[in-house]
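# A look at the structure
One letter stands for each residue in the lines below.
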Amino acid sequence: MISPVSAERAEKEKNVKFEELNLSSEILKAVAAMGFEEASPIQTSAIPLAMSGKDVLGQAQTGTGKTASFGIPVLEKIDRKSSKTQALILSPTRELAIQSAEELHKLAKYMSGVKILPIYGGADINRQIRSLKGGVQIIIGTPGRVMDHLRRHTIKTGHIKTVVLDEADEMLNMGFREDIETILEQLPSEDRQTVLFSATMPKSIL
């Protein structure tokens, strides 16, 4: 069952404090350190759905707080005792991958044992391979570079439980549709949660 959420529809809801969203004390501490008290409309709608394990289809522009909308549930569900890759976040550009990784690092500030790695083209692939071998629970990558690693078998997909497609419309506009489909085919299909965020919802995304 896919649960659709949109920032515009959520605007009509009342503002909710992060403390009301049933989050861990570590996340609440990190959110407070970042200067946030109330969740944005898209966060209010998306976080509880994503935390419950449902597939989520979110319509939100950049700057509405969507990174935390998927980042908080991803972090909350990570098994920190395991160094296996458990979540894959696909981003259209290296800039967005870096930005999302920075935000997740801030949200995970008080969570020990969480490793987050951005992977993208134009960076040293051997350094990325060394980091992946060391164990990374959350990968944030561009489709092309994720495909490179899948071809080299340097990303192990067997324990990935959550996949996030961030700015899906941008990824399609940039011609990544086949790459995304190939990547999704290589991920476990059972018990997998798919979360998709897009500013627009053309038919190809739906």
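Data block above holds the structure.
Each chain has its residues counted from 1, following the order in which its sequence is written. Owing to the predicted nature of the model, reporting of local features is limited to residues with pLDDT of at least 70; listing and counting of side-chain atom pairs is limited to 80 or more, with chain, interface and lining totals taken over all residues. The side-chain quantities take in all heavy atoms of the structure and omit both hydrogens and water.

### Comments concerning the environment of Pro143
Stated precisely, the cut-off is as follows: What counts as a helix is a DSSP run of H or I of at least four residues, what counts as a strand is a run of E of at least two, and both are numbered from the N terminus. Three labels apply to residues, based on accessible area from a 1.4 Å probe with only protein chains included: buried if under 20% of the type maximum, exposed if over 50%, partly exposed otherwise in between.
With respect to the helices and strands, the residue Pro143 is situated in helix H7 (residues 143–151). When its relative accessible area of 0% is taken as the criterion, Pro143 is described as buried. Pro143 sits 22 residues away from Leu165 along the chain, and the two C-alpha atoms are 10.0 Å apart.

### Topic: the pattern of salt bridges
Put simply, the rule is: Within this document, salt bridges are pairs made up of a side-chain nitrogen of Lys or Arg and a carboxyl oxygen of Asp or Glu, the two lying within 4 Å of each other.
Per the counting criterion, the structure on display carries seven salt bridges. A salt bridge links Arg80 to Glu26; the nearest nitrogen and oxygen atoms lie 3.1 Å apart. Placement of the pair is Arg80 in the loop between helix H4 (66–77) and strand E5 (87–90) and Glu26 in helix H2 (residues 25–33), with a sequence separation of 54 residues. Judged by relative accessible area, Glu26 falls into the partly exposed class, the value being 22%. Salt bridges sharing common partners tie together Lys66, Asp166 and Glu167.

### Notes on unusual backbone geometry
Look at Asn22: it is not a glycine, yet its phi comes out positive at around 60 degrees. Note that Asn22 resides in the loop between strand E2 (16–17) and H2. If you check the backbone angles, Asp191 has positive phi at about 60 degrees while not being a glycine. Since its relative accessible area comes to 65%, Asp191 is described here as exposed.

### Let's talk about the side chain of Ser69
Note the cut-off: For this analysis, a polar contact is any N or O atom pair within 3.5 Å, provided that within protein one partner can donate a hydrogen and the other can accept it, and provided that sequence-adjacent residues contribute only side-chain to side-chain pairs. Whether two residues are in contact is decided by their heavy atoms, any of which lying within 4.5 Å being enough.
Inspection of the secondary structure puts Ser69 in helix H4. At 3.1 Å, the side chain of Ser69 forms a polar contact with the backbone oxygen of Gly65. Discounting chain neighbours no more than four positions away, the residues touching Ser69 are Ile42, Gln43, Ala46, Ile47 and Phe197.

### Side note on the packing of H7 against helix H9 (residues 177–185)
To keep it simple, the criterion reads: Inter-axis angles, ranging from 0 to 180 degrees, are taken between N-to-C directions of lines fitted to C-alpha atoms, where helices are fitted over the stretch in contact. Relative orientations are named as follows: roughly parallel for angles under 35 degrees, roughly antiparallel for angles over 145 degrees, roughly perpendicular for angles from 65 to 115 degrees, and oblique for any other angle. Note: crossing handedness is left-handed where the near helix turns anticlockwise from the far helix by less than a right angle, and right-handed where it turns clockwise. Residues were grouped as follows: Ala, Val, Leu, Ile, Met, Phe, Trp, Tyr, Cys and Pro as nonpolar; Asp, Glu, Lys and Arg as charged; and all remaining residues, including Gly, as polar.
One way to put it is that H7 packs onto H9 with a least axis distance of 10 Å and a crossing angle of 40 degrees. The angle between the axes of H7 and H9 places the two elements in the oblique class. Helix-helix and strand crossings are classified by hand; for H7 and H9 the assignment is left-handed. Contact residues: H7 offers Pro143, Gly144, Val146, Met147 and Leu150, while H9 offers Asp179, Ile180, Thr182 and Ile183. Its residues assigned to classes, the contact of H7 with H9 comprises six nonpolar, two polar and one charged.

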